[in-house]
Amino acid sequence: MKYKKGIIIVSVLVNIILFTYVYLNVKHIKDAYSHLSFGLQGDLVQLESTIDYQIKNNWQEANMVLEKIEDIREDINYLMVTGKDSGLMSKSQENDLWNLYRYFSKYPTYTGYPNTNLNNNQKEELTKLKDDLRAVGWGMNLGYHGDWDSFSMRIDALIK
């Protein structure tokens, strides 16, 4: 009888340790997923800087802006796939990413050709995008946070 009680006690302790370990790792993984938005935010800052550079240089290499927009679309896709595959993405995070993706889908796409010419309307839209990115806090020499709540608030401000 003492042998069975000993096995039960050890089994319960092992289960508690395993549960604690899994709980802490899931929390760590959720935090890591939330911080993946930091890379996307970095690309948004680079986009603002790239547009500013092109404005100052008379849009000589407009394709650089389109490449950066494509990078942002890829980052959004990566976050969505990673979040869905890991089961860590909440519905609000998914909505944030879809909203941001739809927002960037209205801009020209990168064709792969290095000598892209933008018309005046497209240049004006990209200039407004630069100003909007800067206004919500994604610009050179501005700080931003990796947490999802801050990211979500900036997405909402950008889209509105």
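Notes on the structure in this doc start here. Quick caveat, the model's predicted, so the values are computed rather than measured.

**Brief notes about the environment of Glu125**
Right, on to step 1. Take Glu125: it is sitting in helix H5 (residues 120-136).
Right, on to step 2. With relative accessibility at 32%, the residue Glu125 sits in the partly exposed group.
Right, on to step 3. For the pair formed by Glu125 and Tyr107, sequence separation is 18 residues and the distance between their alpha carbons is 8.1 Å.

**Focus on the environment of Phe104**
Right, on to step 1. Here Phe104 shows up in helix H4 (residues 91-105).
Right, on to step 2. Distance in space between the C-alpha atoms of Phe104 and Val136 is 15 Å, their sequence separation being 32 residues.
Right, on to step 3. Once residues within four sequence positions are removed from consideration, Phe104 is found in contact with Leu44, Leu47, Ile69, Ile72, Arg73, Leu129 and Leu158.

**Side note on helix H3 (residues 63-86)**
Right, on to step 1. In this model, H3 (24 residues) spans 34 Å end to end at C-alpha, consistent with the 34 Å of a helix rising 1.5 Å per residue.
Right, on to step 2. All of the buried residues along H3 are Asn63, Val65, Leu66, Lys68, Ile69, Ile72, Arg73, Asp75, Ile76, Leu79, Met80 and Gly83.
Right, on to step 3. Downstream of H3 by a residue or two, Gly87 has a phi angle that is positive, lying close to 75°.

**Comments concerning a nonpolar patch on the surface**
Right, on to step 1. Taken together, the side chains of Ile8, Ile9, Val12, Leu13 and Ile16 define a hydrophobic patch exposed on the protein surface, amounting to about 480 Å² of accessible area.
Right, on to step 2. Secondary-structure assignment places Ile9 in helix H1 (residues 2-35).
Right, on to step 3. Overall, Ile9 belongs to the exposed group, its relative accessible area being 52%.

**Observations regarding the pattern of salt bridges**
Right, on to step 1. One pass over the structure, following the stated rule, counts 9 salt bridges.
Right, on to step 2. For Lys84, the salt bridge identified is with Glu94, shortest N-O distance 3.2 Å. Highlighted residues: Lys84 in helix H3 and Glu94 in helix H4, separated in sequence by 10 residues.
Right, on to step 3. A residue is classified by how much of its surface remains accessible, and Lys84, at 49% relative accessible area, is partly exposed.
Right, on to step 4. In this structure Glu94 comes out as buried when scored by relative accessible area, which is 16%.
Right, on to step 5. The shortest N-O distance in the salt bridge between Lys130 and Asp131 comes to 3.3 Å.
Right, on to step 6. Taken together, the shared-partner salt bridges connect Asp43, Lys68 and Asp71 into one network.

Rules behind the numbers
Residue numbering note: each chain is counted from 1, following its sequence as written. Reporting in this predicted model follows two pLDDT cut-offs: at least 70 for local features of residues, and 80 or more for side-chain atom pairs to be given and counted; totals over whole chains, interfaces and linings ignore these cut-offs and use all residues. Excluded from the side-chain calculations are hydrogens and water; all other atoms, namely the structure's heavy atoms, are used. Secondary structure is summarised from DSSP: a helix means a run of H or I of at least four residues, a strand means a run of E of at least two, and numbering begins at the N terminus for each. Relative accessibility under 20% of the residue-type maximum defines a buried residue, over 50% an exposed one, and the middle range a partly exposed one, all with a 1.4 Å probe and only protein chains included. When checking whether two residues touch, look at their non-hydrogen atoms; a contact exists if any pair is within 4.5 Å. By this rule the span expected of a helix is its residue count minus one, scaled by 1.5 Å. By definition, no residue in a patch forms a salt bridge, and every one has over 30% relative accessible area; like charges are joined within 9 Å, nonpolar side chains (Val, Leu, Ile, Met, Phe, Trp, Tyr) within 5 Å. Computed with a 1.4 Å probe, the accessible areas rest on the Shrake-Rupley method; for each residue, only the protein chains presented here act as cover. Take a side-chain nitrogen of Lys or Arg and a carboxyl oxygen of Asp or Glu: if they are within 4 Å of each other, that pair is a salt bridge.

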